[in-house]
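# Summary of structural features
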Amino acid sequence: MVQLNEMTIHQLRDLLRAGEVSCREILEAVFAKIDAVESQIRSYITLCRDEAFAQAQRADEMLAAGEAPPLCGIPVAVKDNFSTAGVQTTCASRLLENYIPPFDAEAVARLKQAGAVLVGKTNLDEFGLGSSTENSQFCCTRNPWDLSRVPGGSSGGSAAAVAAGEAAAALGTDTGGSIRQPAAFCGVVGLKPTYGLVSRYGVVAAADSLDHVGPITRDVRDAALLLQVIAGWDPKDPTSVRKDVPDYEAALTGNIKGLVVGLPKEFMGDELDPEVKEAVFGAANLLESLGARVEEISLPHAEYAMATFYVIISAEISSNLARFDGVRYGYRAEAEDTVSMFIKTRQALGQEAKRRVLMGTYFLQAKNYEAYFLKALKVRTLIKGDFEKAFQRCDVLISPTTPTAAFGFGHRTQTPVTMYQSDIYTCTANLAGIPALTVPCGYTGEGLPVGVQFLGKPFDEPTVLRVGHAYEQHAGLPARQPQMEVEKNG
Ligand code: GLN
């Protein structure tokens, strides 16, 4: 029997509407799991137990009164770079360790308005910089499928929480792959929507031109349901797009006959693990058997994506992190004079954040600007053009989400470029601003989950979700749950 804490949002929604369970019972199941496994998994930086039970009670009252907003009573985890009113928001950084925002990020406010219950704030790489969650300054999150491996990053806490049954769904942010890569490593679904579709108001910025907010869920339908709630224009976010939001759940028709699916040959190179490759080809074959046509295509500038991405993200993050200087925001170190205070304060940043600030400052220096930053912006335009061309022929593209399955702790921390390579297939979608979805598509011989990525035209989330959902329905993956060694309490 599937436990309440392991169910999808739509399963819980049906049970709640039929009066078969209460929001309180669902939340109790979630916290029972948290009590059993959190000491090992460490998905959360902060748990909101009391407030969550109060929210669940309000949700039960709403249900009793016959009102059921779309996420009524659904326990959701939120990455700790979303501002949450009255709840510590750290970005996994010492610089924000004691920060308690007076307001909710727009996406969080919309979740609450839709009746969702905030379980807690999840772990991440400091300020979203990383691909393993090892750059958190507070704790180390483990992959529920194999405790000796990373959950991916930077939204590793959110993905681990969903995979471990410690929340029904979660919010993450994705600057170069930080929703999709951890979702793939943890065997769950992750969606990076089109740039401008979901408000980033109240999300602590990493790189403004690349940051996206999106859902991490147990299946594609749940991703559609969460997106429905958080998508749509927000006047408080200047990059938010004023556009009607379609009905995403209605797009899940199961029918993908006649769709043209492009398979970029540049995403099938030597760096790709053979087991992952096989799983992705398997997914492509399945789409063909469902009536789609799969064609090999080319994204000629994809080979420059990683370099381009790391120049742009470093430049933007160096500028964004400048505000944490001991005067304007966050932590202040004690020192005798102002200059030493600045220096000591900035020393509290973690190693990866410092590396990015140094790189970004270098790229933006007057003498380097044209050779690096400006050049990167030009290549970004070429990459975007590659996609535009591909989408003249194709409805969606299919690719691996990551070159390998989850790796072990410490395996890539000493070689930053190897770590950066984790995003090689995901960061192009951030550079181009297009929607991208990861769906579990198999397991390696060692039993680790593998993800397949579907990319679509700007604002064509309906088609991306439709293809992901049709795939998921027919993939017939063995229903495995991560086997965590459960520590008994008391
Ligand atoms: N892993 C990439 C980085 O380290 C992207 C992170 C993200 O998407 N936030 O910057």
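It should be noted that the structure appears before, not after, this text.
Residues numbered from 1 in each chain as written. Predicted model: local features only at pLDDT ≥ 70, side-chain atom pairs only at ≥ 80, totals over all residues. Heavy atoms only, no water.

### Digging into the site of the ligand
In the region of the ligand, 15 residues are neighbours, and Thr175, Gly176, Ser178, Arg356 and Asp423 sit closest. In the environment of the ligand, an oxygen atom lies 2.9 Å from a nitrogen or oxygen atom belonging to the backbone of Gly130. Within the complex, the protein chains bury 99% of what would otherwise be the 290 Å² of accessible surface of the ligand. In this structure the site holding the ligand corresponds to the largest cavity. The greatest single-element share of the shell around the ligand, amounting to three residues, is contributed by helix α9 (residues 305–320). Tallied by class, the residues present in the shell around the ligand amount to four nonpolar, eight polar and three charged. (Near = heavy atom within 4 Å. Polar contact = N/O pair within 3.5 Å; in protein donor to acceptor, adjacent residues only side chain to side chain. Areas by Shrake-Rupley, 256 points an atom, 1.4 Å probe, with all protein chains shown as cover. 1 Å grid on protein atoms, 1.4 Å probe; cavity = no way out; pocket = protein on both sides within 12 Å on 5 of 7 lines; lining within 4 Å. Sits in = over half its atoms within 2 Å of the grid points. Helix = DSSP H or I, 4+ residues; strand = E, 2+ residues; numbered from the N terminus. Nonpolar A, V, L, I, M, F, W, Y, C, P; charged D, E, K, R; others polar.)

### Some thoughts on the sheet that holds strand β7 (residues 260–264)
Spatial strand order, β1-β3-β2-β4-β6-β5-β10-β11-β9-β7-β8: eleven strands in an open sheet with mixed pairing. Looking at the sheet topology across the chains shown, the edges are occupied by β1 (44–47) and β8 (293–297). Strand-to-strand, the axes of this sheet are offset by a mean angle of 30 degrees, without reference to chain direction. By the bridge criterion, five bridges tie strand β4 (residues 169–174) to strand β6 (residues 212–217) in an arrangement that is antiparallel. In the sheet register, Ala170 faces β6, and the bridge partner there is Ile216. (Pairing = 2+ DSSP bridges. Axes fitted to C-alpha atoms, helices over the stretch in contact; angles between N-to-C directions.)

### Description of a nonpolar patch on the surface
On the surface, a nonpolar cluster with roughly 340 Å² of combined accessible area is contributed by Val327, Val339, Phe342 and Ile343. For Phe342, a relative accessible area of 32% puts it in the partly exposed group. (Patch = residues over 30% accessible without salt bridge, like charges linked within 9 Å, V, L, I, M, F, W, Y side chains within 5 Å. Salt bridge = Lys/Arg side-chain N within 4 Å of Asp/Glu carboxyl O. Buried < 20%, exposed > 50% of the residue type's maximum accessible area, 1.4 Å probe, protein only.)

### Overview of the nonpolar core
Nonpolar side chains in soluble globular proteins tend to end up buried together. Ranked by internal contacts, the top residues of the largest apolar core, which has 148 residues, are Leu111, Phe127, Phe454 and Leu465. Top element by residues in this core is α9. It accounts for nine residues. If near-sequence neighbours (up to four positions away) are discounted, Leu111 is found in contact with Leu71, Val76, Val78, Ala116, Leu171, Leu226, Val229 and Ile230. In this structure, Val37, Ile41, Ala160 and Met484 belong to the second largest nonpolar core, which totals six residues. (Core = buried A, V, L, I, M, F, W, Y, C linked by side-chain atoms within 4.5 Å. Contact = heavy atoms within 4.5 Å.)

### Points about helix α3 (residues 49–64)
For α3, with 16 residues, the first-to-last C-alpha span of 22 Å sits near the 22 Å given by 1.5 Å per residue. Check the buried side of α3 and you find it contacts α2 (23–41), α4 (106–113) and β3 (117–122). Positive backbone phi, approximately 80 degrees, marks Gly66, located one or two places after α3. (Expected span 1.5 Å × (residues − 1).)

### Side note on empty space enclosed by the protein
All chains considered together, the criterion is met by five cavities of 30 Å³ or more. Gly128, Gly130, Ser178, Phe309 and Asp423 are the residues nearest the centre of the largest cavity, which is lined by 13 residues in total. A total of three residues in the lining of the largest cavity trace back to one element, the largest contributor, which is α9. Of the residues assigned to the lining of the largest cavity, the class counts are four nonpolar, seven polar and two charged. Lining the second largest cavity we find Lys79, Asn81, Phe127, Gly128, Ser154, Thr173, Thr175, Val203, Val204, Ala205, Ala206 and Asp211. Grouping the amino acids of the lining of the second largest cavity by side-chain chemistry returns five nonpolar, five polar and two charged. (Points joined across faces, edges and corners; volume = space filled by probe spheres on them.)

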